[in-house]
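Okay, here's what each chain looks like letter by letter:
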Amino acid sequence: MQFAPVLRSEWLKIRTLRSLPGALLALFAVSTAFSALSGISETPDDFDPLYVSLSGVLVGQIAAISFGTMAVSSEFQNGALRLSLAAVPRRGRWLAAKVVAIAVPALVAGLLTALAALLAARAGLGSLADGLTGGEQVRGVVGCGVYLTLMALFAAGLTVLLRSGVATLSVLIPFIVVVSFVIGDAAGPVVDFLPDRAGQLVLQQTHEGPLGPWSGLAVTALWTAAALLAGAWSLRRRDA
(Lines give C-alpha, C1' and ligand atoms only; values in the text may rest on other atoms or scores of the structure.)
Protein backbone atom coordinates (compact mmCIF):
# COMPACT_ATOMS: atom_id res chain seq x y z
CA MET A 1 0.00 0.00 0.00
CA GLN A 2 1.37 3.41 -0.95
CA PHE A 3 2.11 6.05 1.67
CA ALA A 4 -0.35 8.73 0.50
CA PRO A 5 -3.55 6.69 1.13
CA VAL A 6 -2.24 5.69 4.57
CA LEU A 7 -1.51 9.32 5.42
CA ARG A 8 -4.96 10.33 4.20
CA SER A 9 -6.53 7.72 6.45
CA GLU A 10 -4.57 8.87 9.50
CA TRP A 11 -5.39 12.51 8.78
CA LEU A 12 -9.08 11.60 8.66
CA LYS A 13 -8.78 10.07 12.11
CA ILE A 14 -7.23 13.28 13.44
CA ARG A 15 -10.04 15.37 11.97
CA THR A 16 -12.90 13.21 13.14
CA LEU A 17 -11.82 12.55 16.74
CA ARG A 18 -13.36 15.55 18.49
CA SER A 19 -10.92 15.69 21.38
CA LEU A 20 -7.95 16.30 19.07
CA PRO A 21 -9.03 19.61 17.49
CA GLY A 22 -10.16 20.58 20.98
CA ALA A 23 -6.66 20.00 22.33
CA LEU A 24 -5.15 22.28 19.67
CA LEU A 25 -7.77 24.94 20.41
CA ALA A 26 -6.91 24.68 24.11
CA LEU A 27 -3.22 25.07 23.22
CA PHE A 28 -3.98 28.31 21.39
CA ALA A 29 -6.39 29.74 23.98
CA VAL A 30 -4.44 28.85 27.13
CA SER A 31 -1.04 29.92 25.79
CA THR A 32 -2.34 33.23 24.46
CA ALA A 33 -4.24 34.00 27.66
CA PHE A 34 -1.30 33.26 29.95
CA SER A 35 1.10 35.24 27.75
CA ALA A 36 -1.29 38.21 27.83
CA LEU A 37 -1.40 38.01 31.63
CA SER A 38 2.39 37.77 31.79
CA GLY A 39 2.64 40.91 29.70
CA ILE A 40 0.76 43.00 32.27
CA SER A 41 2.29 41.46 35.40
CA GLU A 42 5.22 42.87 37.34
CA THR A 43 8.57 42.37 35.63
CA PRO A 44 11.22 40.35 37.51
CA ASP A 45 14.79 41.50 38.03
CA ASP A 46 16.11 39.11 35.36
CA PHE A 47 13.51 40.29 32.85
CA ASP A 48 13.61 38.54 29.47
CA PRO A 49 10.98 40.10 27.18
CA LEU A 50 11.00 37.21 24.70
CA TYR A 51 10.59 34.56 27.38
CA VAL A 52 7.85 36.55 29.13
CA SER A 53 6.03 37.03 25.83
CA LEU A 54 6.03 33.30 25.10
CA SER A 55 5.72 32.07 28.68
CA GLY A 56 2.09 31.08 28.17
CA VAL A 57 3.36 28.21 26.05
CA LEU A 58 4.81 26.60 29.17
CA VAL A 59 1.25 26.02 30.35
CA GLY A 60 -0.25 25.44 26.92
CA GLN A 61 2.27 22.72 26.07
CA ILE A 62 0.22 20.33 28.19
CA ALA A 63 -2.45 20.55 25.48
CA ALA A 64 0.15 19.76 22.80
CA ILE A 65 1.30 16.73 24.80
CA SER A 66 -2.32 15.65 25.22
CA PHE A 67 -2.87 16.00 21.47
CA GLY A 68 0.04 13.69 20.64
CA THR A 69 -1.01 11.24 23.32
CA MET A 70 -4.68 11.02 22.37
CA ALA A 71 -3.91 10.74 18.65
CA VAL A 72 -2.12 7.46 19.39
CA SER A 73 -4.00 6.15 22.44
CA SER A 74 -7.22 6.00 20.42
CA GLU A 75 -5.60 3.18 18.45
CA PHE A 76 -5.37 1.03 21.58
CA GLN A 77 -9.09 1.19 22.30
CA ASN A 78 -11.67 -1.35 21.12
CA GLY A 79 -9.22 -3.15 18.86
CA ALA A 80 -8.68 -0.14 16.57
CA LEU A 81 -4.98 -0.94 16.14
CA ARG A 82 -5.75 -4.41 14.80
CA LEU A 83 -8.00 -2.86 12.15
CA SER A 84 -5.37 -0.25 11.26
CA LEU A 85 -2.63 -2.85 10.87
CA ALA A 86 -4.92 -5.17 8.92
CA ALA A 87 -5.33 -2.34 6.41
CA VAL A 88 -1.63 -1.40 6.55
CA PRO A 89 0.42 -4.53 7.34
CA ARG A 90 3.71 -2.61 7.16
CA ARG A 91 3.79 -1.26 10.69
CA GLY A 92 6.61 1.19 10.03
CA ARG A 93 4.63 2.82 7.23
CA TRP A 94 1.57 3.11 9.44
CA LEU A 95 3.57 4.72 12.24
CA ALA A 96 5.26 7.13 9.83
CA ALA A 97 1.86 8.23 8.54
CA LYS A 98 0.63 8.68 12.11
CA VAL A 99 3.68 10.82 12.94
CA VAL A 100 3.13 13.09 9.92
CA ALA A 101 -0.61 13.37 10.68
CA ILE A 102 0.28 14.54 14.19
CA ALA A 103 3.22 16.77 13.27
CA VAL A 104 1.57 18.92 10.58
CA PRO A 105 -1.44 20.21 12.60
CA ALA A 106 0.73 20.48 15.71
CA LEU A 107 3.24 22.67 13.84
CA VAL A 108 0.55 24.90 12.32
CA ALA A 109 -1.20 25.29 15.67
CA GLY A 110 2.13 25.87 17.41
CA LEU A 111 3.18 28.65 15.03
CA LEU A 112 -0.20 30.40 15.27
CA THR A 113 -0.15 30.04 19.05
CA ALA A 114 3.36 31.46 19.36
CA LEU A 115 2.50 34.43 17.14
CA ALA A 116 -0.71 35.20 19.04
CA ALA A 117 1.04 34.83 22.39
CA LEU A 118 3.86 37.16 21.32
CA LEU A 119 1.44 39.83 20.07
CA ALA A 120 -0.78 39.57 23.16
CA ALA A 121 2.15 39.86 25.56
CA ARG A 122 3.79 42.69 23.61
CA ALA A 123 0.59 44.71 23.83
CA GLY A 124 0.87 44.51 27.61
CA LEU A 125 4.62 45.00 27.84
CA GLY A 126 4.64 48.14 25.72
CA SER A 127 8.04 49.83 25.68
CA LEU A 128 9.55 47.03 27.78
CA ALA A 129 9.57 44.86 24.66
CA ASP A 130 11.27 47.45 22.45
CA GLY A 131 14.63 45.75 22.94
CA LEU A 132 13.50 42.69 21.00
CA THR A 133 14.88 42.52 17.48
CA GLY A 134 12.89 41.20 14.54
CA GLY A 135 15.23 38.22 14.27
CA GLU A 136 14.73 37.29 17.92
CA GLN A 137 10.97 37.43 17.56
CA VAL A 138 11.00 35.28 14.41
CA ARG A 139 13.31 32.82 16.12
CA GLY A 140 10.99 32.70 19.14
CA VAL A 141 7.85 32.10 17.08
CA VAL A 142 9.37 29.50 14.73
CA GLY A 143 11.28 27.79 17.54
CA CYS A 144 8.17 27.71 19.69
CA GLY A 145 6.17 26.06 16.92
CA VAL A 146 8.86 23.44 16.40
CA TYR A 147 9.18 22.86 20.15
CA LEU A 148 5.45 22.23 20.60
CA THR A 149 5.50 19.84 17.63
CA LEU A 150 8.42 17.91 19.11
CA MET A 151 6.68 17.63 22.48
CA ALA A 152 3.52 16.31 20.80
CA LEU A 153 5.59 13.71 18.93
CA PHE A 154 7.57 12.87 22.07
CA ALA A 155 4.27 12.09 23.78
CA ALA A 156 3.10 10.10 20.75
CA GLY A 157 6.25 7.95 20.79
CA LEU A 158 5.89 7.22 24.50
CA THR A 159 2.23 6.31 24.00
CA VAL A 160 3.14 3.76 21.32
CA LEU A 161 5.75 2.34 23.71
CA LEU A 162 3.49 2.26 26.79
CA ARG A 163 0.29 1.52 24.87
CA SER A 164 -1.66 3.74 27.23
CA GLY A 165 -2.57 7.40 27.09
CA VAL A 166 -3.19 7.46 30.84
CA ALA A 167 0.28 6.06 31.54
CA THR A 168 1.93 8.55 29.20
CA LEU A 169 0.18 11.57 30.69
CA SER A 170 0.82 10.24 34.20
CA VAL A 171 4.54 10.27 33.43
CA LEU A 172 4.94 13.40 31.31
CA ILE A 173 2.72 15.96 33.03
CA PRO A 174 4.15 15.45 36.55
CA PHE A 175 7.64 15.41 35.04
CA ILE A 176 7.13 18.77 33.31
CA VAL A 177 5.21 20.43 36.11
CA VAL A 178 7.12 19.07 39.11
CA VAL A 179 10.50 17.69 38.11
CA SER A 180 11.40 20.16 35.40
CA PHE A 181 10.15 23.37 37.02
CA VAL A 182 10.53 22.68 40.74
CA ILE A 183 13.46 20.30 41.05
CA GLY A 184 15.12 21.32 37.80
CA ASP A 185 16.08 24.79 39.00
CA ALA A 186 18.29 23.25 41.67
CA ALA A 187 19.84 20.61 39.41
CA GLY A 188 22.48 22.83 37.80
CA PRO A 189 23.53 22.75 34.12
CA VAL A 190 22.21 19.20 33.64
CA VAL A 191 18.67 20.61 33.61
CA ASP A 192 19.35 22.10 30.17
CA PHE A 193 19.44 18.57 28.75
CA LEU A 194 15.95 17.59 29.89
CA PRO A 195 13.60 17.16 26.92
CA ASP A 196 11.39 20.14 27.76
CA ARG A 197 13.93 22.53 29.26
CA ALA A 198 16.37 22.07 26.37
CA GLY A 199 13.77 23.04 23.78
CA GLN A 200 12.56 26.00 25.83
CA LEU A 201 15.92 27.71 25.42
CA VAL A 202 14.71 28.86 22.00
CA LEU A 203 12.11 30.97 23.82
CA GLN A 204 14.76 32.98 25.66
CA GLN A 205 16.42 36.13 24.41
CA THR A 206 19.70 35.25 26.10
CA HIS A 207 20.89 32.22 28.04
CA GLU A 208 24.10 31.27 29.83
CA GLY A 209 24.82 27.57 29.68
CA PRO A 210 26.16 24.71 27.61
CA LEU A 211 23.36 24.92 25.03
CA GLY A 212 22.04 27.68 22.81
CA PRO A 213 18.55 28.15 21.33
CA TRP A 214 18.95 25.83 18.34
CA SER A 215 21.25 23.29 19.99
CA GLY A 216 18.72 23.06 22.83
CA LEU A 217 15.96 22.40 20.31
CA ALA A 218 18.20 19.73 18.75
CA VAL A 219 18.46 18.00 22.13
CA THR A 220 14.66 17.91 22.36
CA ALA A 221 14.58 16.50 18.82
CA LEU A 222 16.94 13.72 19.92
CA TRP A 223 14.67 12.87 22.87
CA THR A 224 11.72 12.80 20.48
CA ALA A 225 13.54 10.59 17.98
CA ALA A 226 14.46 8.20 20.79
CA ALA A 227 10.83 8.00 21.95
CA LEU A 228 9.58 7.35 18.42
CA LEU A 229 12.24 4.70 17.77
CA ALA A 230 11.38 3.00 21.04
CA GLY A 231 7.72 3.10 20.07
CA ALA A 232 8.51 1.66 16.62
CA TRP A 233 10.54 -1.15 18.21
CA SER A 234 7.66 -1.95 20.57
CA LEU A 235 5.15 -1.87 17.71
CA ARG A 236 7.20 -4.37 15.70
CA ARG A 237 7.89 -6.72 18.61
CA ARG A 238 4.46 -6.88 20.25
CA ASP A 239 1.15 -8.23 19.03
CA ALA A 240 -1.55 -5.75 18.05
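As a reminder, the structure under discussion sits directly above these lines.
Below you will find a few notes about this structure. Keep in mind that what you see is a predicted model, and the values were worked out from it rather than measured.

## Points about the overall build of the protein
Phase 1 of the analysis: Looking only at helices and strands, the protein has 10 helices and zero strands in total.
Phase 2 of the analysis: Secondary structure elements in the protein, listed N-terminal to C-terminal, are α-α-α-α-α-α-α-α-α-α.
Phase 3 of the analysis: Against the compact-globule benchmark of 18 Å for 240 residues, the protein has a radius of gyration of 18 Å, which places it among compact chains.
Phase 4 of the analysis: When the backbone C-alpha atoms are referred to their principal axes, the protein occupies close to 60 × 35 × 25 Å.
Phase 5 of the analysis: Contacts in the protein between residues at least 24 apart in sequence constitute 77% of all its contacts with a sequence separation of at least 6.
Phase 6 of the analysis: Carbon and sulfur atoms make up 67% of the accessible area of the protein, which totals about 11,200 Å².

## Quick look at the environment of leucine 54
Phase 1 of the analysis: Topologically, leucine 54 is positioned in the loop between α3 (49-53) and α4 (56-73).
Phase 2 of the analysis: Residue classification places leucine 54 among the buried residues on the basis of a relative accessible area of 0%.
Phase 3 of the analysis: With 19 residues separating them in the primary sequence, leucine 54 and serine 35 have C-alpha atoms 5.9 Å apart.
Phase 4 of the analysis: The contacts of leucine 54, once residues within four sequence positions are left out, are Ser35, Ala114, Ala117, Leu118, Gly140 and Leu203.

## Looking at the packing of helix α1 (residues 3-16) against helix α6 (residues 91-125)
Phase 1 of the analysis: Across the interface, α1 lies against α6 with an axial gap of 8 Å and an inter-helix angle of 50°. With respect to α6, the axis of α1 lies oblique. Relative to α6, the crossing made by α1 is right-handed. Two secondary-structure elements touch here, α1 through Phe3, Val6, Leu7, Glu10, Trp11, Lys13 and Ile14 and α6 through Arg93, Trp94, Ala96, Ala97, Lys98, Val100, Ala101, Ile102 and Pro105.
Phase 2 of the analysis: Here the contact of α1 with α6 is built from residues that sort into 12 nonpolar, no polar and four charged.

## Here we look at the nonpolar core
Phase 1 of the analysis: Grouped together as the largest cluster of nonpolar side chains are 56 residues, with contacts concentrated most on Ile14, Leu54, Phe67, Trp94, Ile102 and Leu148.
Phase 2 of the analysis: Contacts of isoleucine 102, omitting those with residues within four sequence positions, involve Ile14, Phe67, Gly68, Ala71, Val72, Ala152, Leu153 and Ala156.

## Some thoughts on helix α5 (residues 80-87)
What sets the pattern is the α-helix's 3.6 residues per turn: residues three or four places apart point alike.
Phase 1 of the analysis: Of all the residues in α5, the buried ones are Ala80, Leu81, Ser84 and Leu85. The buried residues of α5 occupy an angular sector of 125° when projected down its axis, which confines them to one face. Across α5 from its buried face, at more than 90 degrees, point the exposed residues Arg82, Leu83 and Ala86.
Phase 2 of the analysis: Its buried side turned inward, α5 meets α1, α6 and α10 (213-237).

## Side note on a nonpolar patch on the surface
Phase 1 of the analysis: On the surface, Phe3, Phe28, Val100, Val104, Val108 and Leu112 cluster together to form a nonpolar patch covering roughly 480 Å² of accessible area.
Phase 2 of the analysis: When residues of the nonpolar patch are assigned to their parent elements, the largest contribution, four residues, is made by α6.
Phase 3 of the analysis: Looking at the element boundaries, valine 108 is found in helix α6.
Phase 4 of the analysis: Residue valine 108 is classed as partly exposed on the basis of its relative accessible area, which comes to 47%.

## Structural notes on unusual backbone geometry
Phase 1 of the analysis: The phi dihedral of arginine 163 falls on the positive side, at around 60°, and the residue is not glycine.
Phase 2 of the analysis: Among the secondary structure elements, arginine 163 is positioned in the loop between α7 (134-162) and α8 (165-183).

## A short note on the environment of serine 73
Phase 1 of the analysis: Within the fold, serine 73 resides in helix α4.
Phase 2 of the analysis: For the pair formed by serine 73 and serine 38, sequence separation is 35 residues and the distance between their alpha carbons is 34 Å.
Phase 3 of the analysis: Those residues in contact with serine 73 that lie beyond four places of it in its chain are Thr159 and Gly165.
Phase 4 of the analysis: A polar contact of 3.5 Å, which involves the side chain of serine 73, links it to the backbone oxygen of methionine 70.

## Structural notes on the packing of helix α2 (residues 19-40) against α6
Phase 1 of the analysis: Viewed as axis vectors pointing N to C, α2 and α6 meet at an angle of 20°, and their least axial separation amounts to 7 Å. In terms of orientation, α2 and α6 fall into the roughly parallel class. Considering the relative orientation of α2 and α6, their crossing is right-handed. Judged by residue contacts, Leu24, Leu27, Phe28, Ser31, Thr32, Ser35, Ala36, Gly39 and Ile40 of α2 engage Pro105, Ala106, Ala109, Gly110, Leu112, Thr113, Ala116, Ala117, Ala120, Ala121, Gly124 and Leu125 from α6.
Phase 2 of the analysis: Class assignment for the residues of the contact of α2 with α6 results in 14 nonpolar, seven polar and no charged.

Rules used in this analysis
Residues numbered from 1 in each chain as written. Predicted model: local features only at pLDDT ≥ 70, side-chain atom pairs only at ≥ 80, totals over all residues. Heavy atoms only, no water. Helix = DSSP H or I, 4+ residues; strand = E, 2+ residues; numbered from the N terminus. Rg over C-alpha atoms; globule rule 2.2 N^0.38 Å. Contact = heavy atoms within 4.5 Å. Areas by Shrake-Rupley, 256 points an atom, 1.4 Å probe, with all protein chains shown as cover. Buried < 20%, exposed > 50% of the residue type's maximum accessible area, 1.4 Å probe, protein only. Axes fitted to C-alpha atoms, helices over the stretch in contact; angles between N-to-C directions. Parallel < 35°, antiparallel > 145°, perpendicular 65-115°, else oblique. Left-handed = near helix turned anticlockwise from the far one by under 90°. Nonpolar A, V, L, I, M, F, W, Y, C, P; charged D, E, K, R; others polar. Core = buried A, V, L, I, M, F, W, Y, C linked by side-chain atoms within 4.5 Å. Arc of directions from axis to C-beta. Patch = residues over 30% accessible without salt bridge, like charges linked within 9 Å, V, L, I, M, F, W, Y side chains within 5 Å. Salt bridge = Lys/Arg side-chain N within 4 Å of Asp/Glu carboxyl O. Polar contact = N/O pair within 3.5 Å; in protein donor to acceptor, adjacent residues only side chain to side chain.

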